[in-house]
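So you can see what is in the structure, the chains are spelled out below.
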Amino acid sequence: MTLRDLLGIGLPVIQAPMAGVQGSALAIAVSNAGGLGSLPCAMLGLDAVREELAKIRAATRAPYNVNFFCHAPPAPSAEREAAWRSALAPYYSEYGIDPAAIPPGPGRAPFTAQAAALLAEFKPPVVSFHFGLPSAELLAGVKSWGAKVLSSATTVEEARWLEARGVDAVIAQGVEAGGHRGMFLTEDLSTQAGTFALLPQVVRAVRLPVIAAGGIADAKGVAAALALGAAGVQVGTAYLLCPEATTSAVHRAALKSDAARHTALTNVFTGRPARGVVNRIMRELGPVSGAAPAFPLAGSAVAPLRAKAEGRGSGDFSPLWCGQNPSGCREIPAADLTRSLAA
Ligand SMILES: Cc1cc2nc3c(=O)[nH]c(=O)nc-3n(C[C@H](O)[C@H](O)[C@H](O)COP(=O)(O)O)c2cc1C
């Protein structure tokens, strides 16, 4: 089945939901251009989700996607928090930050019954998840208005698990991808394969349409993914410089620099592995640190360092999410980028 049949879109291009760097404007531009625009909700409160969905509904009649995380929030551990703060202590003194005064930072919330009730008011045509799926009950609620459900798989096992639970398509997320690994059945990074190794194996393992994600940045990459059996692609990094994205100044500068060619998987920003441009905190404490608290708790202790450093124009403590192929990042309208990917 093609994405046109499944999702009602004209172009085989899904704009990846990217929490923290975009809102409705990017999604609207991509959906109106014939791709599938996505609204990431992991870092939005419910009021903000409502506002953004209202904006999308007012600005397009085309299909769009709403995206949520599905992690189980961990019990905070005072011991791990203390260990993490002591690893960060030299930076606090360098920046004159009082560690006792650090508030709990912006977290990342999983899909809840409240979010499901809000979605039911808008009935979005597509809902996608990262880190597995919500409970069977919440999933059934989303499907009740006919929403098509997508979720990321980083291994063949995860793809089969998602198919068995009734998703409509699987996003095969290769290890090149920017942002968080969607992995949920394993924490072992050695299980993570590249897009063109993972994709054909997932295509063979499931009967569902498979969407390729990770490292796809231009029309030739899209064509290659389709040649390997993908029904479409999900592209994130290439959209980060579009004017409709809310990518910060330090993040944009990093993406435009040679530094963007060196990315790594790191847990220092949230507690879960995610790919970003290698910067000072990743070099000095990671890229993977045993001291980082569980996802998403690692973030609050880093947040004041990020704010101070960004105030000085430095991305030393910022998550500079970026995939291994930043060559498609262009400062052009998202509609133009969407059409050029599909050309
Ligand atoms: C800045 C950034 C933020 C991301 N945030 C999310 C998110 O909120 N939800 C999600 O499902 N995927 C997220 N991802 C992962 C994308 O869905 C996708 O797997 C990835 O962007 C594809 O690889 P590429 O970046 O090489 O195009 C994010 C990726 C980036 C680059």
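Up top is the structure.
Attention in this report is confined to the structure presented alongside it. (Residues numbered from 1 in each chain as written. Predicted model: local features only at pLDDT ≥ 70, side-chain atom pairs only at ≥ 80, totals over all residues. Heavy atoms only, no water.)

Considering the overall build of the chain
Tallying secondary structure elements over the chain gives 13 helices and eleven strands in all. Relative to the compact-globule value of 20 Å for 343 residues, the chain shows a C-alpha radius of gyration of 19 Å, a close match. Each principal axis of the C-alpha atoms in the chain carries an extent, and together these give about 55 × 45 × 40 Å. Put simply, the chain has 343 residues, and 57% of those count as buried. Here the analysis covers contacts within the chain between residues at least 6 apart in sequence; of these, 67% occur between residues at least 24 apart. Total accessible area computed for the chain in this model is approximately 13700 Å², and 54% of it derives from carbon and sulfur atoms. With 29 positive and 25 negative side-chain charges, the chain shows a separation of 5 Å between the mean positions of the two kinds. (Helix = DSSP H or I, 4+ residues; strand = E, 2+ residues; numbered from the N terminus. Rg over C-alpha atoms; globule rule 2.2 N^0.38 Å. Buried < 20%, exposed > 50% of the residue type's maximum accessible area, 1.4 Å probe, protein only. Contact = heavy atoms within 4.5 Å. Areas by Shrake-Rupley, 256 points an atom, 1.4 Å probe, with all protein chains shown as cover. Lys, Arg positive; Asp, Glu negative; His and termini not counted. Charge placed at Lys NZ, Arg CZ, Asp CG, Glu CD.)

What to know about the sheet that holds strand S11 (residues 274-277)
Reading across the sheet, the three strands line up as S7-S11-S10 and stay open at both edges, with antiparallel pairing between neighbours. Where the open sheet ends on each side, the last strands, each with one partner, are strand S7 (179-180) and strand S10 (263-266). Pairing analysis gives four bridges linking S10 to S11, with the strands arranged antiparallel. Across the sheet, the residue bridging to Thr 263 is Val 277, located in S11. (Pairing = 2+ DSSP bridges.)

Let's talk about the site of the ligand
If you check the shell around the ligand, you find 22 residues, and the closest are Pro 17, Asn 67, Gly 215, Gly 236 and Thr 237. Between the ligand and Gly 214 there is a distance of 3.3 Å, counted from an oxygen atom to a backbone nitrogen or oxygen. Look at the ligand: alone it shows 590 Å² of surface, and the protein chains cover 98% of it. Contributions of two or more residues to the shell around the ligand are made by strand S3 (64-69) and strand S9 (232-235). Residues of the shell around the ligand, tallied by class, amount to twelve nonpolar, ten polar and no charged. (Near = heavy atom within 4 Å. Polar contact = N/O pair within 3.5 Å; in protein donor to acceptor, adjacent residues only side chain to side chain. Nonpolar A, V, L, I, M, F, W, Y, C, P; charged D, E, K, R; others polar.)

Some points on the environment of Val 250
Within the element layout of this structure, Val 250 appears in helix H10 (residues 249-256). Through-space distance from the C-alpha of Val 250 to that of Gly 313 is 6.5 Å; in sequence the pair is 63 residues apart.

Things to note about the pattern of salt bridges
By the definition in use, this model includes nine salt bridges. Measuring nitrogen to oxygen at the nearest pair gives 2.9 Å for the salt bridge that ties Glu 81 to Arg 85. Taken as a pair, Glu 81 and Arg 85 lie in helix H4 (residues 78-95) at a separation of four residues, close to a single helical turn. Classification of Arg 85 by relative accessible area gives partly exposed; the value is 22%. Ionic pairing is found between Glu 331 and Lys 256, a salt bridge with its closest N-O pair at 3.1 Å. Taken as a pair, Glu 331 in the loop between helix H12 (298-311) and helix H13 (334-342) and Lys 256 in helix H10 lie far apart in primary sequence, 75 residues in all. (Salt bridge = Lys/Arg side-chain N within 4 Å of Asp/Glu carboxyl O.)

Section: the side chain of Thr 154
When you line up the elements, Thr 154 lands in the loop between strand S5 (148-153) and helix H7 (156-164). A distance of 3.0 Å separates the side chain of Thr 154 from the side chain of Gln 192, its partner in a polar contact. Ignoring anything within four residues of it in the chain, the contact list for Thr 154 reads Gln 173, Arg 181, Gly 182, Met 183, Thr 191, Gln 192, Ala 193 and Leu 198.

Let's talk about unusual backbone geometry
For the bond running from Gly 286 to Pro 287, omega is 10°, close enough to zero to count as cis. Within the secondary structure layout, Pro 287 lies in the loop between helix H11 (280-285) and H12. Residue Lys 123 is not a glycine yet carries a positive backbone phi of 45°. Relative to the helices and strands, Lys 123 resides in the loop between helix H5 (113-122) and strand S4 (126-130). We note that Phe 131 has phi near 75°; this positive angle belongs to a residue other than glycine. When you line up the elements, Phe 131 lands in the loop between S4 and helix H6 (136-143).

Quick notes on the sheet that holds strand S6 (residues 169-173)
Sheet strands line up and pair through hydrogen bonds in the backbone, either parallel or antiparallel. Strand order in the open sheet made by the eight strands is S1-S9-S8-S6-S5-S4-S3-S2, with parallel pairing throughout. The sheet is open, and its two edges are formed by strand S1 (13-15) and strand S2 (37-40), each paired on a single side. Taking the axes of each pair of neighbouring strands and ignoring which way they run, one obtains an average angle of 25° across the sheet. Across four bridges, the pairing between S4 and S5 is parallel. Bridge pairing in S5 links Val 127 to Val 149. Across the face of the sheet, H7 comes into contact with S5 and S6 while running at roughly 160° to S5. (Axes fitted to C-alpha atoms, helices over the stretch in contact; angles between N-to-C directions.)

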